[in-house]
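# Observations on the three-dimensional arrangement
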Amino acid sequence: MKKFLRYIGYFFGAILALLVLLFIIYFQPDRSLDELKPLYVNNESEFMPLMGMNVHYRDQGNPTDSVPLVLIHGTSSSLHTFEAVVKKINPNRRVITLDMPAFGLTGPNATNEYSFNYYSQFLDSFLTKLQIPLCDIGGNSLGGGIAWQFTTYFPEKVRKLILIDATGYPVMNVKGSIGFKIASTPVINNVMLFITPKALVSASLKGIYQDPTIINQEQIDRFHDMAIAKGNRKALLAIFKKGLEQEPDKIKTIQKPTLIIWGDKDGLIPVQNAYLFNKDIKGSKLAILNNIGHVPMEEDPAKTAALINEF
């Protein structure tokens, strides 16, 4: 028995030593906004004090457009995901993109508590401060989930809805992203508070894009920097540990003109979910993009923008 216990002690000692070694090699402190702003802020960027945060957003295009288009990014992403699409949107449109709380240069809220209700209230305050009573709203992945949830909370403030590989229904039998899998694994996910190697970011992106050859160092650096921006890892962990409320039955209550765009090779949210949205939102329009993964606006910005412009 003593010999067995000794072996157990050796085993856990080896594990502890490995964790210490990984910590020494890969430990990365949070990056401050002062470090990141010169890299990711451009002439279109603005910051709005709101609900205890300094929200990073861009308000572009035609300022006289009375019903602007608001686009919302997904988990661990930022407003940069829509840069290529915004350039191809009809120049007569006003387009607003923003870093949502817990992500990008906006960072976490004071309580580190997140829900679709919270995000809807945040968007309502954001649009009110910009004096926008009515908008077209769209989003990708989690951003799509936020967009349709906002539509159910504030239907009077939405004219049209655009869903791009959006969350909303249970997800099963997908390859997923290694980064999201780790973030969803109890105990192990706590390591991500201190260790977020670029190699992990690169591997995660390969689960997002259908064509891995479009992944470049600039994208890897951006996703990595946004991940380790001050407070973002802690916020992401809070979201994965608690989870956002799943309310697919609410989708059937949406009565706004809706465009659904989906990559047929999405490895995170399967294309079958696109057909569920199309079925549950009466009169919605569905566009399936061939050989495209989870982020059509990055993988085929021209086609994505053309669909939005037509809609």
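Structure first, text after, so check above.
Below is a summary of the structure that appears in this document. (Residues numbered from 1 in each chain as written. Predicted model: local features only at pLDDT ≥ 70, side-chain atom pairs only at ≥ 80, totals over all residues. Heavy atoms only, no water.)

## Focus: the sheet that holds strand E5 (residues 135–141)
Taken together, eight strands build an open sheet; the order of strands is E1-E2-E4-E3-E5-E6-E7-E8 and the sheet is mixed. In this open sheet, the two strands that pair with only one neighbour each are strand E1 (45–50) and strand E8 (285–289). Strand after strand, the sheet turns through a mean of 20° between neighbouring axes, direction not considered. The sheet contact formed by strand E6 (residues 158–166) and strand E7 (residues 258–263) spans four bridges and is parallel. From the neighbouring strand, Ile164 faces E7, where its bridge partner is Ile261. The sheet strands contacting helix H4 (residues 116–129) are E1, strand E2 (53–61), strand E3 (69–72), strand E4 (94–98) and E5, and the helix crosses E1 at an angle near 110°. (Pairing = 2+ DSSP bridges. Helix = DSSP H or I, 4+ residues; strand = E, 2+ residues; numbered from the N terminus. Axes fitted to C-alpha atoms, helices over the stretch in contact; angles between N-to-C directions. Contact = heavy atoms within 4.5 Å.)

## Some thoughts on the packing of aromatic side chains
Applying the stated rule across the entire model yields eight aromatic pairs. Both rings, one in Tyr57 and one in Phe126, keep their centres 5.4 Å apart while their planes meet at 85°; by these two values the pair is edge-to-face. You can see Tyr57 sitting in strand E2 and its partner Phe126 sitting in helix H4, a full 69 residues away along the chain. Taking 6.2 Å as the distance between ring centres and 20° as the angle between the ring planes, the aromatic pair formed by Phe122 and Phe126 counts as stacked. Of this pair, Phe122 and Phe126 both sit in helix H4, four residues apart, roughly one helical turn. In terms of burial, Phe122 and Phe126 fall into one category: buried. Here the aromatic cluster, defined as three or more aromatic residues joined through ring pairs, consists of Tyr57, Phe122 and Phe126. The ring centre of Phe311 lies 4.9 Å from the NZ or CZ of Lys160, which sits over that ring. (Phe/Tyr/Trp six-rings, centres within 6.5 Å; stacked < 30°, edge-to-face > 60°. Buried < 20%, exposed > 50% of the residue type's maximum accessible area, 1.4 Å probe, protein only. Lys NZ or Arg CZ within 6 Å of the ring centre and 35° of its normal.)

## A look at the environment of Leu276
When you line up the elements, Leu276 lands in helix H10 (residues 272–280). According to the relative accessible area criterion, Leu276 is partly exposed, its value standing at 35%. Considered as a pair, Leu276 and Gly168 are 108 residues apart in the sequence and their alpha carbons are 9.5 Å apart.

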